[in-house]
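Chains, contacts and geometry: an overview
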Protein chains: 2
Amino acid sequence: MTDPLFGTLCVIGPGLIGSSVLRRLRAHPELVSHLVVADRDPGVLERVRDLDLGDIVTDDLSAAVRDADCVMLCVPVGAIAPIAEAIMPHLKPGAILTDVGSTRRSVVDALTPHLRGDIAYVPAHPMAGTEHSGPDAGFATLFEDRWCLLTPAPDVPARAIDRIAAFWSAMGARIRVMDVDHHDTICAMVSHLPHLIAFTICGTADTLAEDMRSEVLDFAASGFRDFTRIAASDPTMWRDIFLNNSDALLSVLDRFSQDASAMAQAIRDGDEKTIVDTISRGRRIRRSLLENRQA
Amino acid sequence: MTDPLFGTLCVIGPGLIGSSVLRRLRAHPELVSHLVVADRDPGVLERVRDLDLGDIVTDDLSAAVRDADCVMLCVPVGAIAPIAEAIMPHLKPGAILTDVGSTRRSVVDALTPHLRGDIAYVPAHPMAGTEHSGPDAGFATLFEDRWCLLTPAPDVPARAIDRIAAFWSAMGARIRVMDVDHHDTICAMVSHLPHLIAFTICGTADTLAEDMRSEVLDFAASGFRDFTRIAASDPTMWRDIFLNNSDALLSVLDRFSQDASAMAQAIRDGDEKTIVDTISRGRRIRRSLLENRQA
């Protein structure tokens, strides 16, 4: 039998991501010996107790982290740094601190000044989710075949990074270690910009329908249906993501707007080659995603 | 037993749409007594014969239309007017001419000068399709619960419009009669603009990946996956649609670009209210589509 990854793991914020981690650990008890779950919401803690997702379930964050070899913050992006600051004095010497935030630069900049010298901070971003939230929404296979992007600072000990990488591998994820700003640009492109566009186009259609006094939305063909699927996501979560990754997002939005203007000009000019090239490129990318098991 | 809708129907262009119509007519033989199928491609005609989709299958368009009470052009948008002009002298007196094009203004403008006084032209646009094409791609239930938009000129006899409406009702579709330009604006918004954006964003991601020397596409999260699904469509078909509906498309693209700029400004300003309002609007539209059986 191999040693567990962590003797004690503390999960703060057992929502969709946190409770999925806990479910998988319950299904593979050899990975972590002891599970501590903390949240400030008594309703959430009651559900966690009912679902038997932790060995200790508490609203006392300072006590929760005291004996943890690893503390994982599964809270919204805007709450990561404040909670990290609050628990910092109570962390066990030499513990690993990690999180699961979708944006990195703003979190890292806010958190780093409060970091104790003996604590290794390994930010992690599992690229997985559904439109649901809360402890009841999680499931043990959420991370299977999904990417988990690690963005540790250059001075973080390799041993701590390896531990977190091994942890997410055990969750079923594929691991990539990258620079903080590289991460934010990639996520702005493949996730944040598509969401911004989907939210925006729904509003454009709604305004047009009002102006035309017509039921534009009655006729939503397949194209528009897929956009509204994306647009059904949680407003507060996406507000936080947009505000916390604004530089990278505005930069890729600017690139996209230029490309859309070029396409408009090609249509205006009747430039068939540019139009067909752009469309064909989309098809090629679709194929490469299919080959890559991401679509 | 009720009278058939048409004694003889001639379908020109038995691709995805045309062969779906023919399959449904084979399943409901009381609707049309006699089916003539014409195409200029011998390979297509061979498949139509193998699939037994017509009583007469021919590459002679003039002969095909001679006895038809209704001629339905199921060819790409750019081919409708030229084929209509070619068959016009051969149409049976008093026949109904119809089509299934996705854009209307350019087709109507090109076709109308060639129209004989005794021929009623009732353009129809069944809003249905898949990413596949050809006679083997069709299926009898393709149009069920989908909209079919009719855009007849004001002087077309009500009897001819009623016939085509009854025909598409028998195909399982929901019918709406509307003005040509109204149609083109609605379709630009709910179908052509989403496709233009999906094609464009795939190109933006590809360029960014080259610039960053990174595998941006490895990390396509759910947002981007849905965009690439749209972008997998046929380049020639979409080139024709973009060029034939350029005015309406460029107009809604302009509205969308302004809305996207406003969203960018809200993010730059940290204007949480505008951001949350825009996102919430998308959720509301998603809900109304679900209630409307379109998503």
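Residues numbered from 1 in each chain as written. Chains lettered and ligands numbered in written order. Predicted model: local features only at pLDDT ≥ 70, side-chain atom pairs only at ≥ 80, totals over all residues. Heavy atoms only, no water.

**Let's talk about the interface of chain A and chain B**
In this complex, chain A contributes 85 residues to the contact, which on the side of chain B involves 85 residues. Between the two partners, chain A and chain B, sit 10 salt bridges. A salt bridge links Arg-281 of chain A to Glu-210 of chain B, with the nearest nitrogen and oxygen atoms 4.0 Å apart. On inspection of chain A and its partner chain B, the count reaches 12 residue pairs in polar contact (both at pLDDT 80 or more). Of all the elements in the fold, those that place two or more residues in the side of chain A that touches chain B are β7 (147-150), α7 (180-212), α8 (222-231), α9 (235-244), α10 (246-269) and α11 (272-291) of chain A. By residue number, the principal contributor to the side of chain A that touches chain B is α7 of chain A, which donates 24 residues. For the side of chain A that touches chain B, the class distribution of residues is 46 nonpolar, 20 polar and 19 charged. (Contact = heavy atoms within 4.5 Å. Salt bridge = Lys/Arg side-chain N within 4 Å of Asp/Glu carboxyl O. Polar contact = N/O pair within 3.5 Å; in protein donor to acceptor, adjacent residues only side chain to side chain. Helix = DSSP H or I, 4+ residues; strand = E, 2+ residues; numbered from the N terminus. Nonpolar A, V, L, I, M, F, W, Y, C, P; charged D, E, K, R; others polar.)

**Things to note about the relation of the copies chain A and chain B**
Mapping between the two copies of the chain is achieved by a rotation about an axis and a shift along the axis. Least-squares fitting of chain A to chain B yields an RMSD of 0.1 Å, with the transformation described by 0.0 Å of translation along the axis and a rotation of 180°. Here the two chains are linked by the operation of a two-fold rotation axis. In terms of C-alpha distance to the rotation axis, chain A has Asp-226 of chain A as its closest residue, with the C-alpha 3.1 Å off the axis. Of the interface residues in chain A, 100% have counterparts in chain B that sit at the interface too, so the contact is made through matching surfaces. (Least-squares fit on C-alpha atoms with pLDDT ≥ 70 in both.)

**Details of the sheet that holds strand β1 (residues 6-12) of chain B**
All names here are of chain B. The strand order across the open sheet built from 6 strands is β3-β2-β1-β4-β5-β6, with neighbouring strands paired in parallel fashion. Every interior strand has two partners, whereas the edge strands, β3 (56-58) and β6 (120-122), have only one. For this sheet, the mean angle separating the axes of adjacent strands, direction not counted, is 20°. Alignment of β1 against strand β4 (residues 70-73), held across 4 bridges, turns out to be parallel. (Pairing = 2+ DSSP bridges. Axes fitted to C-alpha atoms, helices over the stretch in contact; angles between N-to-C directions.)

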